[in-house]
Amino acid sequence: MPDRHHCLALDADDPLRAFRDEFVLPEGVVYLVGNSLGALPRRTAERVRRTVEDEWGKELVGGWNTAGWYDQPLRAGDRIAPLIGVGPGQVVAGNTTSIAIFQALAAALRLRPDRRVIVSEVHNFPTDHYIVQGLAGLLGGYEVRDLAERRFDDAAVVLLSEVDYRTGARQDVPAVTAEAHAAGALIVWDLCHSAGVMEVDVSEADFAVGCTYKYLNAGPGAPAFLYVNPRHHATAENVLSGWFAHAEPFAFEEGFRPAEGIRRFAVSTPHVVSFAALEAALDIWERVPMAQVRAKSMALTSLFVELVGDALELASPADPQARGSQVSFRHPDGYPVMRALIDRGVHGDFRAPDILRFGFAPLYTSYTDVHDAAATLLEVLGEELWRQEKYARRLSVT
Ligand SMILES: *Cc1c(COP(=O)(O)O)cnc(C)c1O
């Protein structure tokens with residue numbers, strides 16, 4: 001069993017170890033929730049201050065031109081593109097993942113007007129499936145089918161998350177994509193739990209979406225991203241045809257005329273201050289070798305699984321290749337167990353009904369963190385510290 005000394009040696013040898021200093025990590029906290037909200041990069045506060053005080057404060061409305069606010073969605077999109085394996089002009093940032101899912105699905109349905117089936121995952125992160133239901137309800141006449149049926153013959157579009165948010169299981173995205181395409185369906189990938197923790201090559205997808213506030217560390221409420229395969233740029237329609245998707249937003253024409261290329265998937269005024277935080281995060285990502293991130297991610301999750309051993313039932317795949325960068329365990333009293341753990345400085349989260357989730361962010365999670373988290377978890381379980389009354393009451397955000 002690797003002890004703390006061994007983990008310190010692993011940290012000393014870690015090729016990514018310098019990145020940890022680029023984040024603000026509170027003293028005495030082991031933060032294993034980077035899969036929900038990434039940690040704060042050290043340079044973000046200054047970058048946001050600059051946007052607020054120097055750009056907004058001094059340039060006022062001129063900031064749209066002088067500070068480059070107008071181009072933020074495409075500029076950030078071009079910087080996200082290499083993280084998902086593609087080049088410039090294919091990704092637009094802005095809005096939220098839910099909105100990007102809506103745009104991608106609606107565009108896909110319009111590209112397959114003769115088909116009336118949307119394939120979705122019933123057990124996906126709820127917003128994905130809720131958006132499917134909302135869109136199907138709006139349009140009328142669509143069947144929503146669970147991906148588990150693996151039936152694509154009459155499907156217009158398939159919505160697939162690369163990594164399951166609950167168990168961390170990694171799906172066989174290339175296989176599902178090939179099956180969907182062979183059947184004539186289009187496919188939308190959700191990369192919320194894969195962008196920033198593994199190498200992604202999105203070029204086989206028709207559309208892809210993801211958020212930047214999880215492993216990409218762009219902050220609460222940060223802009224999402226939407227990839228549209230260039231083969232659809234001329235024909236795909238953005239049903240959220242806001243003025244930023246217009247060929248000439250400042251011509252103030254009465255009729256909608258879509259912009260060329262990925263810009264037609266922009267919607268409207270970008271969240272300028274949030275984009276400043278995203279740009280600060282992307283300054284780090286430019287220097288990150290993603291193959292090393294994936295290697296360390298698998299090593300971290302494997303170490304945690306080994307250290308926790310059979311003290312808890314593993315809900316994630318045992319094979320590190322088959323999971324994302326998280327480890328989940330089942331416990332019937334998972335909620336008070338997690339509260340007791342957080343009270344002792346180890347932050348994971350709880351997902352109903354019985355899942356304890358731990359996310360590992362290779363840029364700032366150390367092997368020693370993993371050791372300390374496992375030791376605290378074993379203590380909370382072994383001494384039944386979670387049985388204390390105060391841990392039973394539910395907070396509104398779990
Ligand atoms: C985190 C996450 C989202 C988030 O959606 P928002 O619109 O940003 O609230 C969507 N889908 C998946 C799979 C996620 O993990």
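Structure shown above.
What you see is a predicted model; the values in this text were computed from it and never measured.

A. Main features of the site of the ligand. Neighbouring residues of the ligand: Thr96, Thr97, Ser98, Phe125, Thr127, Asp128, Ser161, Asp190, Cys192, His193, Tyr213 and Lys214. Between Asp190 and the ligand, the recorded distance is 3.1 Å, taken from a side-chain N or O atom to a nitrogen atom. A distance of 2.7 Å is found between an oxygen atom of the ligand and a side-chain nitrogen or oxygen belonging to Tyr213. If the ligand stood free it would expose 390 Å²; the protein chains cover 87% of that surface. Counting atoms within 2 Å of the grid points, the majority share of the ligand lands in the largest pocket.

B. Focus on the layout of surface pockets. Estimated volume of the largest pocket: approximately 270 Å³. Within the residue set of the lining of the largest pocket, elements represented by two or more residues are helix H5 (97-111) and helix H6 (126-139). For the lining of the largest pocket, a count of residues per class yields eight nonpolar, nine polar and five charged. Computed from the structure, the second largest pocket encloses a volume of approximately 230 Å³. Lining the second largest pocket are 15 residues, with Arg20, Pro26, Val29, Val30 and Asp369 sitting closest to its centre. It is helix H11 (residues 367-382) that contributes the most residues to the lining of the second largest pocket, three residues altogether. The class makeup of the residues in the lining of the second largest pocket is six nonpolar, four polar and five charged.

C. Summary view of the environment of Leu109. Mapped onto the secondary structure, Leu109 falls in helix H5. What makes Leu109 buried here is its relative accessible area of 3%. A C-alpha to C-alpha distance of 44 Å links Leu109 and Gly57, two positions 52 residues apart in sequence. In contact with Leu109, not counting residues within four places along its chain, are Ile118, Leu135, Leu139, Tyr142, Ala156 and Val157.

Basis of the calculations
- Residues numbered from 1 in each chain as written.
- Predicted model: local features only at pLDDT ≥ 70, side-chain atom pairs only at ≥ 80, totals over all residues.
- Heavy atoms only, no water.
- Near = heavy atom within 4 Å.
- Polar contact = N/O pair within 3.5 Å; in protein donor to acceptor, adjacent residues only side chain to side chain.
- Areas by Shrake-Rupley, 256 points an atom, 1.4 Å probe, with all protein chains shown as cover.
- 1 Å grid on protein atoms, 1.4 Å probe; cavity = no way out; pocket = protein on both sides within 12 Å on 5 of 7 lines; lining within 4 Å.
- Sits in = over half its atoms within 2 Å of the grid points.
- Points joined across faces, edges and corners; volume = space filled by probe spheres on them.
- Helix = DSSP H or I, 4+ residues; strand = E, 2+ residues; numbered from the N terminus.
- Nonpolar A, V, L, I, M, F, W, Y, C, P; charged D, E, K, R; others polar.
- Buried < 20%, exposed > 50% of the residue type's maximum accessible area, 1.4 Å probe, protein only.
- Contact = heavy atoms within 4.5 Å.

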